[in-house]
Amino acid sequence: AQSVAQPEDQVNVAEGNPLTVKCTYSVSGNPYLFWYVQYPNRGLQFLLKYITGDNLVKGSYGFEAEFNKSQTSFHLKKPSALVSDSALYFCAVRDGDNNDMRFGAGTRLTVKP
Amino acid sequence: GAGVSQSPSNKVTEKGKDVELRCDPISGHTALYWYRQSLGQGLEFLIYFQGNSAPDKSGLPSDRFSAERTGGSVSTLTIQRTQQEDSAVYLCASSSASGGGKTQYFGPGTRLLVL
């Protein structure tokens, strides 16, 4: 069965600095990896995904993520953080064509002015 | 176009009562998912519908939980004899088809509080 871990409950960065939100996964087959963002009292909003091909995936709002098969990681990054990026971020993985998608526990990102 | 919608946005009920939560997926999406998000935790998969196939109910936590999808579109999640531990945000998502790489699009959720 697939699983995903987000080792940090909380990440704090200053506005303008680069940010990284970490994610590692475990699957038995081919992984499909996703990042979602959740703003207060809202549903999850899709940011980006990795299916196959280029290991560096670019998504919405200037976010990107790098698929690293040897380290089984899919860290979310942004070169320059904005205060408006403050939210809860979820990494998710699907193992091949399984129906369910496993979500991490979430990482709360706080960007301070 | 319209996204996934859910109703009600908030529901307060008394322990032991039944509740129904509704999800309207994106038009044309054949796959529909229900998740539960408890405070401070990630998302827990509950149930999955794909077209006319039998639903995948493997995530339902007890037989008090059931869901149906009428006409391949709207879905209703029913919780019978609610318990306080059922308090959570219930999220619905839809995608254009099943398959590993398909993106799920989420609704705003229903916040359920069982007193």
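Above this text is the structure in question.
Since the model is a prediction, treat every value here as computed from it, not as a measurement. (Residues numbered from 1 in each chain as written. Chains lettered and ligands numbered in written order. Predicted model: local features only at pLDDT ≥ 70, side-chain atom pairs only at ≥ 80, totals over all residues. Heavy atoms only, no water.)

### Comments concerning the overall build of chain B
Scanning chain B from N- to C-terminus turns up zero helices and 10 strands. Written out in order from the N terminus, the α and β elements of chain B read β-β-β-β-β-β-β-β-β-β. For a compact globule of 115 residues, the expected C-alpha radius of gyration is about 13 Å, and chain B comes in at 13 Å, within 12% of that figure. Reported as C-alpha extents along the three principal axes, the dimensions of chain B are approximately 35 × 25 × 25 Å. Per-residue burial for chain B yields a buried fraction of 50% across its 115 residues. For chain B, the share of sequence-separated contacts (at least 6 apart) that also reach a separation of at least 24 residues comes to 55%. Element-wise, carbon and sulfur atoms account for 45% of the exposed surface of chain B, whose accessible area totals about 5400 Å². Computed over 11 positive and 10 negative side-chain charges, the inter-centroid distance for chain B is 3 Å. (Helix = DSSP H or I, 4+ residues; strand = E, 2+ residues; numbered from the N terminus. Rg over C-alpha atoms; globule rule 2.2 N^0.38 Å. Buried < 20%, exposed > 50% of the residue type's maximum accessible area, 1.4 Å probe, protein only. Contact = heavy atoms within 4.5 Å. Areas by Shrake-Rupley, 256 points an atom, 1.4 Å probe, with all protein chains shown as cover. Lys, Arg positive; Asp, Glu negative; His and termini not counted. Charge placed at Lys NZ, Arg CZ, Asp CG, Glu CD.)

### So, the pattern of salt bridges
Within this structure, the stated rule accounts for five salt bridges over all chains. Between K58 of chain A and E64 of chain A there is a salt bridge, with its nearest N and O atoms 2.8 Å apart. Residue class for K58 of chain A comes out exposed when judged on its relative accessible area of 63%. For the salt bridge of R36 of chain B with E44 of chain B, the shortest nitrogen-to-oxygen distance reads 3.0 Å. On the basis of relative accessibility, which here comes to 10%, the residue R36 of chain B falls in the buried class. (Salt bridge = Lys/Arg side-chain N within 4 Å of Asp/Glu carboxyl O.)

### Quick look at the state of the cysteines
Considering all chains together, one arrives at two disulfides over all chains under this definition. The disulfide partner of C23 of chain A is C91 of chain A, and the S-S distance across this bridge is 2.0 Å. Judged by the sign of its S-S torsion, about -60 degrees, the bond between C23 of chain A and C91 of chain A is left-handed. Linking C23 of chain A in the loop between strand 3 (19-21) and strand 4 (24-26) with C91 of chain A in strand 10 (residues 87-95), this pair joins segments that are 68 residues apart in sequence. Residue classification places C23 of chain A among the buried residues on the basis of a relative accessible area of 0%. There is a disulfide in this structure between C23 of chain B and C92 of chain B, and the S-S distance comes to 1.8 Å. When the S-S torsion is -65 degrees, as for the bridge of C23 of chain B with C92 of chain B, the disulfide is left-handed. Of this pair, C23 of chain B sits in strand 3 (residues 19-24) while C92 of chain B sits in strand 8 (residues 88-95), and the two are 69 residues apart along the sequence. The class of C23 of chain B is buried, set by a relative accessible area of 0%. Look at C92 of chain B and you get buried, because its relative accessible area is 0%. (Disulfide = S-S within 2.5 Å.)

### Let's talk about the pairing of strand 9 (residues 73-78) of chain A
Residue and element names in this part refer to chain A. With five of six residues buried, strand 9 lies mostly within the body of the structure. In this sheet, strand 9 lies alongside strand 3 in antiparallel orientation, the contact comprising three bridges. For V21, the partnering residue across the bridge sits in strand 9 and is L76. Pairing of strand 8 (residues 64-68) with strand 9 involves five bridges; the strand directions are antiparallel. When the bridges of strand 9 are listed, E66 appears paired with H75. Once strand 8 ends, the chain turns through four residues before running back antiparallel as strand 9, passing T72 with a positive phi of about 45 degrees. (Pairing = 2+ DSSP bridges.)

### Description of the side chain of T110 of chain B
Residue and element names in this part refer to chain B. Locating T110 in the fold gives a position in strand 10 (residues 110-114). A distance of 2.6 Å separates a polar side-chain atom of T110 from the backbone oxygen of P8. Contact partners of T110, with chain neighbours within four places excluded, come to Q6, S7, P8, S9, L21, A88, V89 and Y90. (Polar contact = N/O pair within 3.5 Å; in protein donor to acceptor, adjacent residues only side chain to side chain.)

### Thoughts on the pairing of strand 5 (residues 43-50) of chain B
All names here are of chain B. With seven of its eight residues buried, strand 5 lies for the most part within the structure. Note: strand 4 (residues 31-37) against strand 5, seven bridges, orientation antiparallel. Bridged to Y35 within strand 5 is F45.

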